[in-house]
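# A structural walkthrough
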Amino acid sequence: MNSLVWMVLDSCRFDSFAAADMPNAQRFASLNGTAIERRYSYASWTAPSHYTFLMGMVPHQNRAGVVASEIYQQEFRHWNTRLGVDGMDFSRFLPQLSLPKVLRELGYRCCARVSLPVLNETTLLSAHFDDYQLMDDHNDFAGMVRDMRFAPDRPSFWFLNLGETHYPYMLQDASLPRISGVHGVLESLDRPEESNAAAFFDPETMQRLRRQQVRCVEHVDSLLPRLFEKCPPDTHLILTADHGELFGEDGFFGHGPIFHEKVFEVPFVEGKVPR
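We now turn to the structure provided with this report. (Residues numbered from 1 in each chain as written. Predicted model: local features only at pLDDT ≥ 70, side-chain atom pairs only at ≥ 80, totals over all residues. Heavy atoms only, no water.)

### Comments concerning the pattern of salt bridges
This structure, assessed with the given rule, holds 14 salt bridges. In this structure, the salt-bridge partner of Asp130 is Arg104, at a minimum N-O distance of 3.5 Å. One end of the pair, Asp130, is in the loop between strand E3 (109-114) and strand E4 (131-134); the other, Arg104, is in helix H6 (residues 99-105), and 26 residues separate them in sequence. Take Asp130: its relative accessible area is 37%, and that puts it in the partly exposed class. A salt bridge links Arg109 to Asp131, with the nearest nitrogen and oxygen atoms 4.0 Å apart. (Salt bridge = Lys/Arg side-chain N within 4 Å of Asp/Glu carboxyl O. Helix = DSSP H or I, 4+ residues; strand = E, 2+ residues; numbered from the N terminus. Buried < 20%, exposed > 50% of the residue type's maximum accessible area, 1.4 Å probe, protein only.)

### Concerning the packing of aromatic side chains
For any pair of aromatic rings, the description rests on two quantities: the centre-to-centre distance and the angle between the ring planes. Inspection of every chain in the model, using the stated rule, returns 14 aromatic pairs. For the ring pair Phe129 and Tyr132, a centre distance of 5.4 Å and an interplane angle of 65° mean the geometry is edge-to-face. Residue classification places Phe129 among the buried positions, given a relative accessible area of 9%. Owing to a relative accessible area of 11%, Tyr132 belongs among the buried residues under this scheme. (Phe/Tyr/Trp six-rings, centres within 6.5 Å; stacked < 30°, edge-to-face > 60°.)

### Remarks on the environment of Pro203
Note that Pro203 resides in helix H9 (residues 203-230). A residue is classified by how much of its surface remains accessible, and Pro203, at 66% relative accessible area, is exposed. Along the backbone, Pro203 and Glu249 are 46 residues apart, and their C-alpha atoms lie at a distance of 9.8 Å.

### A few points about the pairing of strand E1 (residues 4-9)
Burial of E1 is extensive: 6 of the 6 residues sit out of reach of the surface. Burial of the side chains of E1 extends over both faces: Leu4, Trp6 and Val8 are buried on one face and Val5, Met7 and Leu9 on the other. Strand direction decides the pairing type here: E1 and strand E5 (residues 156-162), joined by 6 bridges, are parallel. By the bridge assignment, Val8 is partnered in E5 with Asn161. For E1 and strand E6 (residues 236-240), the ladder comprises 5 bridges, and the chain directions are parallel. Across the sheet, Met7 pairs through a bridge with Leu239, a residue of E6. (Pairing = 2+ DSSP bridges.)

### What about the packing of helix H2 (residues 23-31) against H9?
Relative to each other, H2 and H9 sit at 55°, their axes nearing to 7 Å. With respect to H9, the element H2 is oriented oblique. Residues Pro23, Asn24, Ala25 and Phe28 of H2 lie in contact with H9, whose contacting residues are Asp221, Ser222, Leu224, Pro225 and Phe228. Across the contact of H2 with H9, the residue classes break down as 6 nonpolar, 2 polar and 1 charged. (Axes fitted to C-alpha atoms, helices over the stretch in contact; angles between N-to-C directions. Parallel < 35°, antiparallel > 145°, perpendicular 65-115°, else oblique. Contact = heavy atoms within 4.5 Å. Nonpolar A, V, L, I, M, F, W, Y, C, P; charged D, E, K, R; others polar.)

Below, the structure is given as structure tokens:
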């Protein structure tokens, strides 16, 4: 059985990923004889998208002319190839519909490191993991890699939610705007006089934010060799995002309560980690 690493670049829209200089991700794709695909998330914000992932479902291809149930069946059977096992299909995931539970039953040690507070240890997402932690730092993919350990006598599943590509994209420039997501809204409930609303960003600021997301993708790519070095032979890597982001298109910024193609477009590539 193959160890499995699933990396989720939070909020990373497909064209930001495609615009980045990513020699390590491109090499990974090339060695696996594939390309970095544009796929589509099942949800427009972090929590529901991650629940879908931990059901065992990856972003979909938006294929026309097929029955949806056939897509699900094909997707669940694909776990046979990823893990190097037989007998994986939709029925194996019932009734809990939990990928970590299925993997633990196969003998995997299941570990997760997450960056976004909506994914914290007290949520249902942590069920069936042996080791599940919210990182102290929003932007610490390097720390996640340092934490990773692979047992010599059993396969491992590492699920990683990276905050680097989520707003504010590791910004240090105080002149750039900062707004709060769900976590910030909860913190300000006892201060109703404080509004979380801000003046809508001008086009120049929108483009600065998008360029910063691209730079953050490049930062993540620069750390991929450290991850590759940690992984045992034949480790299967899934690299994707949970949803996209809007940078002013059609009057939108951000993600979540937004219905727009760009908020559903995500990058996707998978295969064996290069040695």
